[in-house]
Amino acid sequence: MASKPAGGSALDALDRVIGLGGSGAGSGEPFIPSKTFQGPKPSYVFRTSEEHGTGYHLDGSTGQQLTNGAAKAASGGGDNGGRETKRARFDSSRDITHPIPARPPKRPLPSGDELLAEAEAAASEQPSKLLDLTPRGIQSASQSLEKTLQRNQLLRAQHPDDPEKFMMNELALHDEIVSFKSAAVDVASYARLAECGMMESFVALLNHENSDVAISVANVLVELLDPALLREGEAADPAARARNMGLLANTFVEGGGMDLLASNLGRFDEAVAEDAQGIEDALTLVESLLDLDRTGLLQSAKEGEKESSSVVACICDETPLVSWLLERIERSDGEDEAAAASAPISPAVLKLHASEVLSAVLQHEDYASRRCGKRLAALPKYASAFDDDADEKPAAKAPEGENGEKKDEALDGIEVLLLAIAAYRKSDPRVEVECELLENVFDALAASLLREDNVVDFVKAEGIELMLRCLRQKVHSGGGALKVLNFALSGSTGTEANDAYVKACETFVQAGGLKILFPLFMARKSAIPVPAACSEGGSDLAKKGKSNNGGTVSKRAKRAAHARKRWLAEVERNSINVMYALTRHIAEDAKHDAHARLLSKFIEEDCEKSDRAIELCLKYDEKARIAEYTYFRSDEGEEAERLGADVELAALDAKLRGGGDAFHRSCAILSFACVGSKRCRGHVLDQLKLQGSGITVIKQGLAEFASLLSDGPQRAQVEQYNKEL
């Protein structure tokens, strides 16, 4: 075998690796002539060109790098003391070398906020987790949620000062919580959710140190406990759906969820978008639970159990929610307009929502019947379980009021509501949100006056004087003020007389209320409060809707005209109710000579007030009869008769709502005048005869009124009127 030459291929390969010698390889020459291909040369390409001919041409990019590197090494430059910094990698399979790119500069470690932002961005890009609604899937999801929560608590305990250690775990916890939204598509799965302990985990999560976790829980519960889900679609068994939702809601209420929900309101910041949405969700959840409780779903879901307290009882007795609602209504939001404009949710909208929830709570029968709750004037101030200094504040001794409550620690809810009304005693609301807020405040105050203890505080706080001031100005607040006076003076139809309403009626007469009430009773246009322009009944469309020129009237104009008609009808009804309350509670020995002053009004001006009472009696008697007849002829009446329901009772209800109640009270007002004055009696008999009627109409109205009342002073008074007529 022939021996290899000294310049064998092994040496040539070594030369090519280190970039030396050998046929000009790595010498940096732009061209090495060669008529035939002599093997690969690093940084060269074998080809034919017009400029040089056939041979090895220096590769453009790589050759330039080698040339620059060689020049730099020759000049002794660089950071390595003249040594070549270019590194090469040898490819044995192809017998060539490749330059190794330099390492990129080290990136500084991201901060905690940057890590959280990156994690949230990555989580938002991932598809949301769907819940398997099979029994096994629900059980697995509930166990996974519990394990994730326990893991999070452990990490927080081990690394309390290093959020990066449990950040990703809390993001996973958020995903676990949100996944339960999927259950809203199948209310039948709610029973399994309640059985597997999901709601217990949700209640525990409301107590989490991170408020964002509590916000996520509230958002999911709003979706799950929405009463509208019971009305969507055609369910095979609507009763079962309702029972399942009631079961889930009961688990939340009885597990202490309402108290934690109310406490979370104290740590949410309205200036932060997520927290503001959390407040909205919390209030919406309370509204949903009240709606479910009002329909009886929560009680019907407890089969075989004794009747438990309502949601309102839980709210009033076990949570600080009512105090938070009153403090939110009391807070002024108009001082910093720039801050209000930049808020994620308008403070006016949050205040409006708080007033709606407060009105719904106080209108519940449990609060009105004093089965739960305290006087509004003696509520404790709001305190959250998440307040940092809740346990550090010493118990300061505050002076006690008349009823034993500590003044400095009490929240006067009656005063809060009166101050909210006083802002509009001379002017109308400017926008629709303010108008709705004012109506909600009036509704809440009126409902609270069904309790005698609140009536006492209302009179003491000069609430009657404020209502009369609103009526004198004939502004929008006058309509609500008349409704509040109706509740403050009327009282309940109990079996015992109550001094609170008697004192309220006497205060009304002493404050000059008769001068304001009788023009309203007479329906004088100059005395009737005018609805605000921002309300539907006070807009210009209301006037267009009453046009009788034969032109086309839009639907909006018709709605506005109907709203204005309802406004006037409500003013008339409330004036009748207030007048009847005065005739009912003011006795002959009343203070401030109230009885004589009231009776004299029916005699003066040739008994014109008695004429108005006759007009109202005949008017509402006709309305009541028409309403009763219409019910009997309606499809609703025929359906009730077919199902075997008590049609007579349903017809009576339709009659009372159609005008029968106003007819009964008008008869009692007219009887008060006739019994108290012979002159009025003779005048009334003559006027009834001219109208083609007689005293029998009044006596029949009184008899029907007495039959609807329970035994007590009110029924005895009506029966006495009937005898003396």
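Now for a description of the structure that goes with this document. If you're wondering where the values come from, they're calculated on a predicted model, not measured in any experiment.

## Looking at the nonpolar core
Here's step 1: Core analysis: the biggest nonpolar cluster contains 171 residues, and Tyr190, Phe202, Phe252, Met467, Phe508 and Leu582 have the highest contact counts within it.
Here's step 2: Counting residues per element, this core draws most heavily on helix H27 (residues 594-633), which supplies 10 residues.
Here's step 3: Contact partners of Phe202, with chain neighbours within four places excluded, come to Leu145, Ile177, Phe180, Val217, Val220 and Leu221.
Here's step 4: By size, the runner-up hydrophobic cluster in this structure holds five residues, among which are Tyr631, Val647, Ala651 and Ala654.

## As for the pattern of salt bridges
Here's step 1: Under the criterion given, the structure shown has 25 salt bridges.
Here's step 2: Arg451 is paired through a salt bridge with Asp453; the nearest N and O atoms lie 2.9 Å apart.
Here's step 3: Here Arg451 falls in the buried class, since its relative accessible area comes to 3%.
Here's step 4: Overlapping salt bridges, with partners in common, bring together Arg524, Lys601, Glu604, Glu608 and Lys609 in one network.

## Quick notes on unusual backbone geometry
Here's step 1: In this structure, Asp606 is a non-glycine residue whose phi angle is positive, near 55°.
Here's step 2: Structurally, Asp606 is set in helix H27.
Here's step 3: Residue classification places Asp606 among the exposed residues on the basis of a relative accessible area of 52%.
Here's step 4: Even without glycine at this site, Cys607 takes up a positive phi of about 60°.
Here's step 5: In this structure, Cys607 sits in helix H27.
Here's step 6: What makes Cys607 buried here is its relative accessible area of 1%.

## A short note on the pairing of strand E3 (residues 53-58)
Here's step 1: With three bridges joining them, strand E1 (residues 31-33) and E3 adopt antiparallel strand pairing. Considered in E3, the bridge of Ile32 is made with Tyr56.
Here's step 2: Two successive antiparallel strands, strand E2 (residues 44-49) and E3, enclose a turn made up of three residues.

## Describing a positive patch on the surface
Here's step 1: The grouping of Arg425, Lys426, Arg469, Arg472, Lys515 and Arg597 at the surface amounts to a positive patch.
Here's step 2: Within the secondary structure, Arg425 sits in the loop between helix H18 (413-422) and helix H19 (432-448).

Conventions used here
In this numbering scheme, every chain counts its residues from 1 along its sequence in written order. For a predicted model such as this one, the threshold for reporting local features is a pLDDT of at least 70, and the threshold for listing and counting side-chain atom pairs is 80 or more; totals across whole chains, interfaces and linings nevertheless cover every residue. Excluding hydrogens and water, the side-chain figures rest on all heavy atoms present in the structure. Put simply, a nonpolar core is a bunch of buried Ala, Val, Leu, Ile, Met, Phe, Trp, Tyr and Cys residues held in one set by side-chain atoms that sit within 4.5 Å of each other. For each residue, the accessible area found with a 1.4 Å probe, counting protein chains only, is set against the maximum for its type, and the residue is called buried under 20%, exposed over 50%, and partly exposed in between. Each helix corresponds to a stretch of at least 4 residues labelled H or I by DSSP, and each strand to a stretch of at least 2 residues labelled E; elements are numbered beginning at the N terminus. Contact definition: two residues touch when any of their heavy atoms are within 4.5 Å. Salt bridge, as used here: a side-chain nitrogen of Lys or Arg that lies within 4 Å of a carboxyl oxygen of Asp or Glu. Strands pair, by our definition, only if DSSP identifies at least two bridges between them. Without a salt bridge and with relative accessible area above 30%, a residue can belong to a patch; like charges are then joined within 9 Å and nonpolar side chains (Val, Leu, Ile, Met, Phe, Trp, Tyr) within 5 Å. What sets the accessible areas is the Shrake-Rupley method with a 1.4 Å probe; for residues, cover comes only from the shown protein chains. Two residue types count as positive, namely Lys and Arg, and two as negative, namely Asp and Glu; His and chain ends fall outside the count. In this description, the location of a charge corresponds to atom NZ of lysine, CZ of arginine, CG of aspartate or CD of glutamate.

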